[in-house]
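Analysis of the macromolecular model
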Amino acid sequence: MSANNSTNNHTYTPPSNVVCLPLTNQLEALLTIIRDKDTNRGDFIFYSDRIIRLLVEEGLNHLPVVEKKVITPTGCEFTGVSFKGKICGVSIMRAGEAMEQGLRECCRSVRIGKILIQRDEETAQPKLYYAKLPPGIENRYVLLLDPMLATGGSAIKAIEVLLSYGVKEDKILFLNLIAAPEGIQAVTSKFSQLKIITSFIDQGLNEKKFIIPGLGDFGDRYFTWP
Amino acid sequence: MLEHKKNTYFGTQGKSPWYRWDGTKFDCYIVGVAGGSGSGKTSVSERIIANLNVPWVVVLSMDSYYKVLTSEQKIEALNNNYNFDHPNAFDFDLLLENLKDLKEGKRVEVPIYDFVTHSRQPQTNTLYGANVVIFEGIFALYDRRITDLMDLKIFVDTDSDIRLVRRLKRDIDQRGRDINGVIQQYLNFVKPAFDQHIQPTVKNADVIIPRGLENLVAIDLITKHIQRQLNERRYSFRWELLKKIDYNEELPKTVIVLEQTPQLKGIHTIMRDRDTQRDDFIFYSERLASLVIERGLSEVTVKDHQVTTPLDLPYMGKRCNEKICGVSILRAGGIMENGLRRVVKDAFIGKILIQTDPTTGEPLLHFAKLPNNIHDCYVLLMDAQIATGAAALMAIRILLDHNVPEDRIIFLTLLATRLGLHVISNAFPKVKVCTSMIDPKINEETLFIEPGVGNFGGKNIDCIYLSPTIEHETLNSRIITILHIQIDTTEHNHLYLNDTNRIINNLICFSFNFYIHLIIIICANFLSN
């Protein structure tokens, strides 16, 4: 599935393993609210949670299913599907933790691991500080959660961590709210089998490596914005 | 006649459809009852209602339509010098407007007249959904424009001495007035008004009832006449739908079906499985509801809107300026309310209770409580499933009666049949319907969707609703439903129908049945001895 939304002011065609949510009127209105610097934290949380829920629902659609027949209360047969394969969530701290709630709303008892990656001041490279992942993760589909994909540095690091725990690359679904083409390029050129699911692809990065027009620092706005 | 008589509502059972399968309406039946002060208009109206025994009857009193007095007139009124018994004391224009709307089945705001300050109170009584309106007042047959709206015009003719006696008794006993004042008022105003303005309207009447309430034969005849006319309008609704609509045609353009993704199919599989536990069922139906609501909301119009991001860059986006109102069709539609609140946190919520008559299969309206500003809102109508579409039609009809434009209604549902979708678009082609899946068949005997999900309400709501097989239990669950609604909506001030009355009535029925059983048992014992 390819991207099917028209991005603001520029054209960028992402690789085929990137999935963009359909840009409905509502989604566009939601994005407008969370991008507005005058939006207060309560509204920011409420409306970004709504987008996250849509992202999670879309992400779950990329998990495999098998056909299943059931008998309905009226005694008729219904041919549907049942979910196959186990999942777990992994959030990249701190912003990624904001997406855990949305995942839990869809999958009540989902296991969630955490990864802390920060920029090393000496080398300017992302450095792994902490990783706590659920046991048996190597047999599960992993929904990797990080709201912003800018340069892709920490995402690549996190994916490397997952791979080192034995997770299959094609079983990783990377969910994020806003992605920059540079980040998508960096991640997909290194890992061609994982899927990226995003709600919007922005113009690009500025000289400070912030996504533009973006929405600022997601973690700050979700957790500490005045 | 200075005391405000409250307009009364009689809604002891559900209201059957007041519109045809193509969405057009039957007019409401209006009865006018006129007569001099103290002639027994109110008692006659009440007796007609008791004899009629049909639901959703409204008595509208002319007392609500006294004009607002100026300050000089107020002083006159204080000194017993203002003529309340003259046609000029009434606001016939407002009355005409309200009666016209009632006739068309629309929602009406009836003024509440304050007899202390002689002005209208800021709040109003909201009337909606009457099958029969009995309009009573001394000048009920005075204005030609108003009598033209009436299906039956009655004049209650009682001897003037009896009327005077009643008036004396009422004013002295109940209103604490002195005998001289009452007689003065009678001679100055009441009697001349009767002779000049009220008595002549007798020629506008279809029927004259001599002796008022005592005349049981006349009241009985009138009731039978009304009943016969009402019966001519009734017809079998749901079965009619099955016959009239060809549902194999292409789906209407207003129907939106969610993309059939693996997750959606998976959720449906869990929900349809008869072995699924109740908590799983609730969890997945709420998840599905969220998806349907998000999809439905994206049909609401948005406008361009520019904002500045925290990086001080402009972003051209969209904004939704519409007020959103969710209306759930109880019980099953209630499961979608949570989903709506999750996405539109300040949505107004209205509720409509429609139940199926177990003997005829017809939808019956029991209760409707909608926000006052609903005509300004984009309305999301919610029900768990659309089978024949009969309940959906009724709910849409109610919204239109409340002046919601047809193209600003979106019906959200978890499961629909082709028949139901065609029924809706046939009657209301501008209403959009958003469903997560379409089932092919409806069982023509049980009216269940096949393969279907079973009964949503039963699975989803508290187990007290689970098996309404015994009549008593049905009654009980109804009472509980009504109580629930009362608790839910206490913040809304106006009332549509007297809920408490209904509960009490149901309780009386309930205990009555109980006593009948007891008596039968006692008789049986007696006989066998």
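Residues numbered from 1 in each chain as written. Chains lettered and ligands numbered in written order. Predicted model: local features only at pLDDT ≥ 70, side-chain atom pairs only at ≥ 80, totals over all residues.

**Focus on the interface of chain B and chain A**
As a reminder, the rule being used: What counts as a contact is two residues whose backbone-derived C-beta atoms lie within 7 Å of each other. Each helix is a run of DSSP H or I of at least 4 residues and each strand a run of E of at least 2, with the numbering of both proceeding from the N terminus. Only Asp, Glu, Lys and Arg are considered charged, only Ala, Val, Leu, Ile, Met, Phe, Trp, Tyr, Cys and Pro nonpolar, and every remaining residue, Gly among them, polar.
Each side of the interface is counted separately: chain B has 40 residues, and chain A has 40 residues. Looking at the side of chain B that touches chain A, the elements with two or more residues in it are α9 (262-272), α10 (278-297), β10 (303-308) and β11 (314-319) of chain B. Top contributing element to the side of chain B that touches chain A by residue count: α9 of chain B, with seven residues. Its residues placed into classes, the side of chain B that touches chain A shows 17 nonpolar, 13 polar and ten charged.

**Things to note about the UniProt feature "transmembrane region" (unreviewed entry) in chain B**
All names here are of chain B. Condition: UniProt positions are given in the numbering used here, feature names are shortened, and annotations may be inferred rather than shown by experiment.
In the numbering adopted here, UniProt assigns the feature "transmembrane region" (unreviewed entry) to residues 378-400, 409-428 and 503-527. Structurally, residues 378-400 comprises 48% helix and 39% strand, and the distance from its first C-alpha atom to its last is 12 Å. With 50% helix and 45% strand, residues 409-428 has its two end C-alpha atoms placed 10 Å apart.

**Brief notes about the environment of R107 of chain B**
Residues and elements named next belong to chain B. How we decide: Working definition of burial: number of other C-beta atoms within 10 Å of the residue's own, with buried at 20 or more, exposed at 12 or fewer, and partly exposed in between, all C-beta atoms being placed from the backbone.
Secondary-structure assignment places R107 in the loop between α3 (92-103) and β4 (108-114). C-beta crowding within 10 Å serves as the criterion here: with 20 such atoms nearby, R107 is assigned to the buried category. Sequence spacing of R107 and I398 is 291 residues, and the spatial spacing of their C-alpha atoms is 8.9 Å. Ignoring any residue separated from it by four or fewer positions in sequence, one finds R107 in contact with T126, Y128, D401 and H402.

**Considerations on the nonpolar core**
The cut-off we apply is this: To count as a nonpolar core, a set of buried Ala, Val, Leu, Ile, Met, Phe, Trp, Tyr and Cys residues must be joined through C-beta atoms within 7 Å. Here the bounds of each domain stem from an automatic or database domain assignment.
Formed by 121 residues in total, the largest nonpolar core has its most connected members in L381 and A395 of chain B. Here the element with the most residues in this core is helix α12 (residues 390-401) of chain B; it accounts for nine residues. When residues of this core are assigned to domains, at least three fall in each of domain 1 (8-233) and domain 2 (239-461) of chain B. With sequence-adjacent residues up to four places away left out, A395 of chain B is seen in contact with I329, I352, I354 and L381 of chain B. C20, L30, L149 and I197 of chain A belong to the second largest nonpolar core, which has 63 residues in total.

**A word on the pairing of strand β14 (residues 363-369) of chain B**
Residues and elements named next belong to chain B. Heads up, the condition is: Pairs of strands are assigned from DSSP output, requiring at least two bridges between the strands.
Where burial is concerned, most of β14 is hidden: six out of the seven residues are buried. With six bridges connecting them, strand β13 (residues 348-356) and β14 associate as antiparallel partners. Within the sheet, the bridge partner assigned to I354 lies in β14 and is L365.

**Focus: unusual backbone geometry**
Residues and elements named next belong to chain A. In this chain, M93 is followed by R94 through a cis amide linkage whose omega measures -5 degrees. Tracing the backbone through its elements, the reader meets R94 in the loop between β4 (87-93) and α3 (100-106). Residue I212 is joined to P213 through a cis peptide bond whose omega torsion reads -10 degrees. For P213, the location among the structural elements is in the loop between β12 (211-212) and α6 (218-224).

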